[in-house]
Amino acid sequence: TWRADASRPFEPPLRLAGTVVGVTLQISLLGTAMGTLAALLLGLIAAENLTPFWMHRPVKIMLALLRSIPVLLLALLFVAAVGLGPFPGVLAIAIHSIGMLGKLFAEECETADRGVWEAMDSAGANWLQKIRFAIWPQVAPQICSLTLFRLEMNIRDSAVLGFVGVAGLGLWIENYRRAFQY
């Protein structure tokens, strides 16, 4: 067992430090997964070449609004709404990821070759079949790349979220900072 030393009140044992890093990684992984799934659906709806104007325009505006709110502000709002712990961090990471990835996914879909879509349309394919066989093969590599890049950014963001009360590495950094143990 670990006992606190009076000269070092905030020093965690190695086992606890590993747990804190694990929580930080879990926040970023879960937030990225949730954000990616929602962003994929919203990105398809926000693509100008896949949906009518009345459908894609409001979704693009919503994605821009989600993207404009900083992750730390989202985390503060979610800490106030659901309390301390890792859950507000997951929500903040997911919401910001939806805004960023949704926009990028929509742009990728808009650059897809229109010829395959038109060929499937003339063959009588429905919207989901056209997405699956005309759009997805063209955009899948870039979507995977963008998702991994966003995961990298979310790992960094989840390490900082402890400054506003989200469990993880940032919370320990903030505890050390408050105790002047640099």
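Our structure is the block above this text.
Read on for a plain summary of the structure. Bear in mind the structure is a predicted one, so any value in this text is a computation, not a measurement. Along each chain, residues carry numbers from 1 onward, in the same order as the chain's sequence is written. At least 70 in pLDDT is required for a residue's local features to be given in this predicted model, at least 80 for side-chain atom pairs to be given and counted, and no such filter applies to totals for whole chains, interfaces and linings, which use all residues. In computing side-chain values, all of the structure's heavy atoms are included and hydrogens and water are not.

### Quick word on the overall build of the protein chain
Every helix listed is a DSSP run of H or I at least four residues long, and every strand listed is a run of E at least two residues long, numbered separately from the N terminus. A count of helical and extended segments in the protein chain gives seven helices and zero strands. Traced from its N-terminal end to its C-terminal end, the protein chain shows the element sequence α-α-α-α-α-α-α. Whether a residue is buried, partly exposed or exposed follows from its accessible area with a 1.4 Å probe, protein chains only, as a fraction of its type maximum: under 20%, in between, or over 50%, in that order. When burial is assessed residue by residue, the protein chain has 40% of its 182 residues classed as buried. Put simply, 72% of the contacts in the protein chain that link residues at least 6 apart link residues at least 24 apart. Accessibility throughout is a Shrake-Rupley quantity obtained with a 1.4 Å probe, and a residue counts as covered only by protein chains that appear here. Accessible surface, the protein chain as shown: approximately 10,200 Å² in total, 69% of it carbon and sulfur. The contact criterion used throughout is that any non-hydrogen atoms of two residues lie within 4.5 Å.

### Brief notes about helix α3 (residues 71-82)
Between its first and last C-alpha, α3 extends 16 Å over 12 residues, near the 16 Å set by a 1.5 Å rise per residue. The set of residues buried in α3 consists of Val-71, Leu-74, Ala-75 and Val-79. For α3, the angular spread of the buried residues around the axis is 135°, confining them to a single face. Away from its buried face, by an angle of more than 90 degrees, α3 presents the exposed residues Leu-77, Ala-80 and Ala-81. Between the first and last residue of a helix there are one fewer steps than residues, each counted as 1.5 Å, and that sum is the expected span. By definition, the arc is the one covered by directions from the helix axis to the C-beta atoms.

### A word on the pattern of salt bridges
The term salt bridge refers to a side-chain nitrogen of Lys or Arg lying within 4 Å of a carboxyl oxygen of Asp or Glu. Enumeration according to the criterion identifies six salt bridges in this entry. For Glu-118, the salt bridge is made with Arg-114, and the minimal N-O distance between the two is 3.8 Å. Of this pair, Glu-118 and Arg-114 both sit in helix α5 (residues 114-122), four residues apart, which is roughly one turn of that helix. Residue Arg-114 is classed as partly exposed on the basis of its relative accessible area, which comes to 36%. For Arg-156, the salt bridge goes to Asp-157, with nearest N and O atoms at 3.3 Å. Overall, Asp-157 belongs to the buried group, its relative accessible area being 14%. Salt bridges sharing partners connect three or more residues here, namely Glu-48, Lys-60 and Glu-110.

### Examining α5
N or O atoms closer than or at 3.5 Å make up a polar contact, with two conditions inside protein: a donor-capable atom paired with an acceptor-capable one, and, for residues adjacent in sequence, both atoms drawn from side chains. Capping of α5 at its N-terminal end is provided by Asp-113; its side-chain oxygen lies 3.3 Å from the backbone amide nitrogen of Gly-115. Immediately beyond the C-terminal end of α5, within one or two residues, lies Gly-124, with a positive phi of roughly 95°.

### What about the packing of α5 against helix α6 (residues 127-160)?
At their nearest, the axes of α5 and α6 sit 9 Å apart, and the two run at 155° to each other. Overall, the two elements α5 and α6 adopt an arrangement that is roughly antiparallel. Note on packing geometry: the crossing formed by α5 with α6 is right-handed. Residues Val-116, Trp-117, Met-120 and Asp-121 of α5 form the contact with α6, whose participating residues are Trp-127, Gln-129, Lys-130, Ile-131, Phe-133, Ala-134, Ile-135 and Gln-138. Taken together, the residues of the contact of α5 with α6 sort by class into eight nonpolar, two polar and two charged. Only C-alpha atoms enter the line fits that serve as axes; for helices the fit covers just the stretch in contact. Angles between N-to-C directions range over 0 to 180 degrees. Angular relationships are summarised with four words: roughly parallel below 35 degrees, roughly antiparallel beyond 145, roughly perpendicular across 65 to 115, and oblique for the angles in between. By the definition used in this description, the sense in which the near helix is turned from the far one sets the handedness, with an anticlockwise turn below a right angle giving left-handed and a clockwise turn giving right-handed. Each residue is assigned to one class: nonpolar for Ala, Val, Leu, Ile, Met, Phe, Trp, Tyr, Cys and Pro, charged for Asp, Glu, Lys and Arg, and polar for all the others, Gly among them.

### Re the packing of α3 against helix α4 (residues 87-110)
At a closest axis distance of 8 Å, the pairing of α3 and α4 adopts a crossing angle of 140°. With respect to each other, α3 and α4 are oriented oblique. Note on packing geometry: the crossing formed by α3 with α4 is right-handed. In contact with Val-71, Leu-74, Ala-75, Phe-78, Val-79 and Val-82 of α3, α4 contributes Phe-87, Pro-88, Leu-91, Ala-92, Ile-93, Ile-95 and His-96. Among the residues making up the contact of α3 with α4, the classes are represented as 12 nonpolar, one polar and no charged.

### Observations concerning a nonpolar patch on the surface
Residues Val-21, Leu-25, Leu-29, Leu-72, Ile-155, Val-160, Phe-163, Leu-169 and Ile-173 make up a contiguous nonpolar surface patch of roughly 670 Å² in combined accessible area. The set of elements that each furnish at least two residues to the nonpolar patch consists of α1 (14-46), α6 and α7 (169-178). Per-element tally for the nonpolar patch: the top contributor is α1, with three residues. Checked against the element boundaries, Val-160 lands in helix α6. With relative accessibility at 31%, the residue Val-160 sits in the partly exposed group. Every patch collects residues that have over 30% relative accessible area and no salt bridge, joining them within 9 Å if they carry like charges and within 5 Å if they are nonpolar side chains (Val, Leu, Ile, Met, Phe, Trp, Tyr).

So far we have only geometry, and geometry alone does not tell us how the molecule works.
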